[in-house]
Amino acid sequence: GYERALTKHFGLGLAVSFSQYGADWDSTGVYTILPVPAPTNPPTPAPTESVATNYSIGYQSLSVMLRCSYHIALCNDQLDPYFGLGLGYTANIQSWDSKPDNTYDSDTSFTKESAPINIGSSFSYQVFVGARFIFSKSRYNFLSRCGLIAEVGYFGIFAGVPYGNLGITFKF
């Protein structure tokens, strides 16, 4: 993210964020061997074989936000608390795969792979509160421009989600 001070209290900035997460798991089920034999008297169960299947699901999100912040003036130049609002665009992608460990030429129903699908590209917003702490009061060394940042907020698309950020900051 980048922010430019407009006045002593107000700043305008741009934030670009990307997140990706997912899960993988295995499951073992029963596969009926084809072709199924004709019924007999007494009934004979169809031959079966255990099949282990690997599953995976993934989500990706890209967000571009225009952010406006209000900085609370303190007597201390090292601590900079702020709050604000962001407006922008968010794109979300989902993917899903299920593959058996063994492949069967005659039955492809086990291999289900989905191409990534767009599950929600739309206008989005965020509200946030945070603080920056600059390491030193000196005006002349590199550390006087470096610090830590912590922020919590609410990111709204669909139902919305809370979020938190921790990181480093640099004053130009």
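Residues numbered from 1 in each chain as written. Predicted model: local features only at pLDDT ≥ 70, side-chain atom pairs only at ≥ 80, totals over all residues. Heavy atoms only, no water.

Peer 1: Just checking my understanding: could you explain the packing of aromatic side chains for this structure?
Peer 2: For any pair of aromatic rings, geometry is given as the distance between the ring centres together with the angle between the planes. By the definition in use, this model includes 5 aromatic pairs. A ring pair is formed by Tyr70 and Phe83, whose centres lie 5.5 Å apart and whose planes are at 50°; its orientation type is tilted. Of the two residues, Tyr70 sits in strand E3 (residues 48-71) while Phe83 sits in strand E4 (residues 79-100), which places them 13 residues apart along the sequence. Given the relative accessible area of 29%, Tyr70 is considered partly exposed. Residue class for Phe83 comes out partly exposed when judged on its relative accessible area of 42%. The rings of Phe10, Tyr70 and Phe83 are connected pair by pair, giving a single aromatic cluster. One Lys or Arg, Arg67, reaches over the ring of Phe128 and ends 3.7 Å from the middle of that ring. Residue placement shows Arg132 over the ring face of Tyr82; its charged tip is 4.8 Å from the ring centre. (Phe/Tyr/Trp six-rings, centres within 6.5 Å; stacked < 30°, edge-to-face > 60°. Helix = DSSP H or I, 4+ residues; strand = E, 2+ residues; numbered from the N terminus. Buried < 20%, exposed > 50% of the residue type's maximum accessible area, 1.4 Å probe, protein only. Lys NZ or Arg CZ within 6 Å of the ring centre and 35° of its normal.)

Peer 1: Looking at this structure, I do not really get the nonpolar core. What am I missing?
Peer 2: A general tendency of soluble globular proteins is for nonpolar side chains to be buried together. By size, the foremost hydrophobic cluster in this structure holds 6 residues: Ala15, Met65, Tyr82, Phe128, Phe155 and Tyr163. Residue contacts for Ala15: discarding those within four places in its chain leaves Gly1, Ser63, Val64, Met65 and Arg67. (Core = buried A, V, L, I, M, F, W, Y, C linked by side-chain atoms within 4.5 Å. Contact = heavy atoms within 4.5 Å.)

Peer 1: What should I look at first to understand the environment of Arg145 in this one?
Peer 2: Relative to the assigned elements, Arg145 resides in the loop between strand E7 (122-134) and strand E8 (146-156). In this structure Arg145 comes out as partly exposed when scored by relative accessible area, which is 35%. Separated by 25 residues in the primary sequence, Arg145 and Phe170 place their C-alpha atoms 5.4 Å from one another.

Peer 1: What should I look at first to understand the pairing of E8 in this one?
Peer 2: Where E7 lies against E8, 10 bridges are found, and the strand directions are antiparallel. Bridge pairing in E8 places Tyr125 opposite Gly156. Inspection of the sheet shows E8 paired to strand E9 (residues 161-170) by 10 bridges, in the antiparallel sense. The residue bridging Ile149 from the neighbouring strand is Gly167, located in E9. (Pairing = 2+ DSSP bridges.)

From the geometry alone we can't say anything about function, so treat these as descriptive.
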